[in-house]
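# Structure assessment
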Amino acid sequence: MSDALQRKNEHLSLFEKYYDPNQKNDFDEIRLVPTLIPELNLSEVDPTIDILGSHFLHSFFINAMTGGSSRAKEINSQLATIANKYHLAMAVGSQKIGIIDQNTKDSFSVVREKNPDGFIIANLSANQKIEHVKEAIKMIDANAIQLHLNSIQELVNSEGDRDFHLLNNIENIVNSIEQPVIIKSVGFGINPNDVKRLSDIGVKVFDVSGTGGTNFIKIENQQNKTHHLDYLEELGLSTVESLLAAKKYAVNLIGSGGVRNPLDIIKAHVLGAKLVGISGTFLHPLIKRDPDSLETMITEWIEMIPKIMLMIGTKNLEELKQAPYIPSSKIANSVNFLDKN
Ligand code: FNR
């Protein structure tokens, strides 16, 4: 197995080693305000959403994780089967390996095989050439592509990329392909100034993927043989901070990073997210137990989301965006501070 594939496989086992189902995060710093007179019947609540040129039955989706090895193929196949059954959108992990090594392509294309009509999102680093972007889209007949911004992760990786001149490349990609482009963080959140600069060059959709869930500094740290950079583990903005800080720009936001349950999904919507992505919380039951456990989780979530919407008296996602909430003073302070800078 090549070094790159080995590293990716290790990501899966290290993810599981550090996964903590009881992890606290900034979603706990947001309180929603229920109404006891919703004046709604549950059947009137509509959790669907139109975005990325499509109509989604569910506003949450399986976010980018894996591809490359045979284990990754098995995981992608299981995730895609579930995505197909429950009509969830799904992103694959970085397809760079699939472009370099033809033998690994099937670990990505399996998601289209198992989910012929679903909404599937390609994934590559934002520094990749336009030909590679087109190839990644073609590999899985993707409906959209995520370009991830992972400079922090790469710099912590002793063999990672070192060149991060990205804006011209992103602008070129946005202008050259017909599928929607999503700019995505990888668990470090997104600086509102970055949202502004990217929006100025034509980016319309951002997955803020903030801190509070999977922490790639922790994972990469374990793979570094020579030095441990534990002190960088706190770097980044949380999903809650990223959403609140980016809300003022006229862009479409996707909330991901540390989403643990349906209440976190609803909170992300209240804070401005149109879609909500989940990686770690879905990967854990799949690795620890089996696809049935993940299916059970997803069916419960699908049932609970409209119920929580009703608890706070909102009948659709548009109303949810206007719902009242109380941020802790910690969150209010950081967002206030970010706004002034
Ligand atoms: C990821 N993530 C990720 N993101 C990306 O854009 N390309 C990738 O290849 C990967 N690979 C990957 C592997 C594994 C094992 C995990 C758990 C995650 C990052 C992911 O999409 C997401 O941004 C973060 O994991 C934060 O979300 P959660 O895990 O807290 O829900």
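Residues numbered from 1 in each chain as written. Predicted model: local features only at pLDDT ≥ 70, side-chain atom pairs only at ≥ 80, totals over all residues. Heavy atoms only, no water.

### Description of the overall build of the protein
- Along the protein, the regular secondary structure elements total 15 helices and 12 strands.
- A compact globule built from 341 residues should have a C-alpha radius of gyration of about 20 Å, and the protein, at 19 Å, falls within 12% of that.
- The proportion of buried residues among the 341 residues of the protein is 54%.
- Long-range contacts, defined as pairs at least 24 residues apart, comprise 74% of the intrachain contacts of the protein with a sequence gap of at least 6.
- Summing over all exposed atoms, the protein offers an accessible surface of approximately 15,500 Å²; the carbon and sulfur share of this is 50%.
- Put simply, the protein has 34 plus and 42 minus side-chain charges, and the middle of one group is 2 Å from the middle of the other. (Helix = DSSP H or I, 4+ residues; strand = E, 2+ residues; numbered from the N terminus. Rg over C-alpha atoms; globule rule 2.2 N^0.38 Å. Buried < 20%, exposed > 50% of the residue type's maximum accessible area, 1.4 Å probe, protein only. Contact = heavy atoms within 4.5 Å. Areas by Shrake-Rupley, 256 points an atom, 1.4 Å probe, with all protein chains shown as cover. Lys, Arg positive; Asp, Glu negative; His and termini not counted. Charge placed at Lys NZ, Arg CZ, Asp CG, Glu CD.)

### Examining the pairing of strand S8 (residues 181–184)
- Where burial is concerned, the two faces of S8 agree: the one with Val181 and Ile183 and the one with Ile182 and Lys184 are both buried.
- Taken together, the four bridges between strand S7 (residues 144–148) and S8 define a ladder with parallel strand orientation. Looking at S8, one finds that histidine 148 is bridged to lysine 184.
- Where S8 meets strand S9 (residues 205–207), three bridges bridge the pair, whose relative direction is parallel. Bridge pairing in S9 places lysine 184 opposite aspartate 207.
- Crossover S8 to S9 through helix H8 (residues 192–200) is right-handed. (Pairing = 2+ DSSP bridges. Right-handed = clockwise from strand over helix to strand, strands pointing away.)

### Here we look at the site of the ligand
- Ala64, Ser94, Ser209, Thr214 and Gly258 are the nearest of the 21 residues found near the ligand.
- At a separation of 2.8 Å, an oxygen atom of the ligand approaches a polar backbone atom of glycine 258.
- Compared with its free state, where it exposes 600 Å², the ligand has 96% of that area covered by protein.
- Contributing elements (two or more residues each) for the shell around the ligand: helix H1 (3–18) and helix H12 (280–288).
- Considering only residue class, the shell around the ligand consists of seven nonpolar, 13 polar and one charged. (Near = heavy atom within 4 Å. Polar contact = N/O pair within 3.5 Å; in protein donor to acceptor, adjacent residues only side chain to side chain. Nonpolar A, V, L, I, M, F, W, Y, C, P; charged D, E, K, R; others polar.)

### Let's talk about the side chain of aspartate 207
- If you trace the backbone, aspartate 207 turns up in strand S9.
- We note that aspartate 207 is buried and unpaired, the nearest opposite charge coming from lysine 184 at a distance of 5.1 Å.
- A polar contact is formed between the side chain of aspartate 207 and the side chain of asparagine 63, at a distance of 2.9 Å.
- In this structure, aspartate 207 is in contact with Phe61, Asn63, Gln146, Ile182, Ile183, Lys184, Ser185, Ile254, Gly255 and Ser256, ignoring residues within four places of it in sequence. (Salt bridge = Lys/Arg side-chain N within 4 Å of Asp/Glu carboxyl O.)

### Looking at the nonpolar core
- Ranked by internal contacts, the top residues of the largest apolar core, which has 106 residues, are Phe60, Ile140, Ile145, Ile170, Phe206 and Ile266.
- In terms of residues, this core owes the most to one element, helix H13 (residues 291–311), which gives seven residues. (Core = buried A, V, L, I, M, F, W, Y, C linked by side-chain atoms within 4.5 Å.)

### Points about the packing of helix H5 (residues 130–139) against helix H7 (residues 167–176)
- Where H5 meets H7, the axes come as close as 10 Å, and the angle between the chain directions of the two elements is 50°. Relative to H7, H5 is oriented oblique. Pair H5 / H7 crosses with right-handed handedness. Contacts from Ile130, Val133 and Lys134 in H5 reach Asn172, Ile173 and Ser176 in H7.
- Looking at the contact of H5 with H7 residue by residue, the classes come out as three nonpolar, two polar and one charged. (Axes fitted to C-alpha atoms, helices over the stretch in contact; angles between N-to-C directions. Parallel < 35°, antiparallel > 145°, perpendicular 65-115°, else oblique. Left-handed = near helix turned anticlockwise from the far one by under 90°.)

### Points about the environment of isoleucine 219
- Structurally, isoleucine 219 is set in helix H9 (residues 216–223).
- Between the C-alpha atoms of isoleucine 219 and valine 251, which are 32 residues apart in sequence, the distance is 31 Å.

### Regarding the pattern of salt bridges
- Scanning the entire structure with this criterion turns up 13 salt bridges.
- We note a salt bridge from aspartate 339 to lysine 248, for which the minimum N-O separation is 3.1 Å. In this pair, aspartate 339 sits in helix H15 (residues 329–340) while lysine 248 sits in the loop between helix H10 (239–246) and strand S10 (252–256), placing the two residues 91 residues apart along the sequence.
- Aspartate 339 sits in the partly exposed class, given a relative accessible area of 39%.
- Between glutamate 319 and lysine 315 there is a salt bridge whose closest N-O contact spans 2.9 Å.

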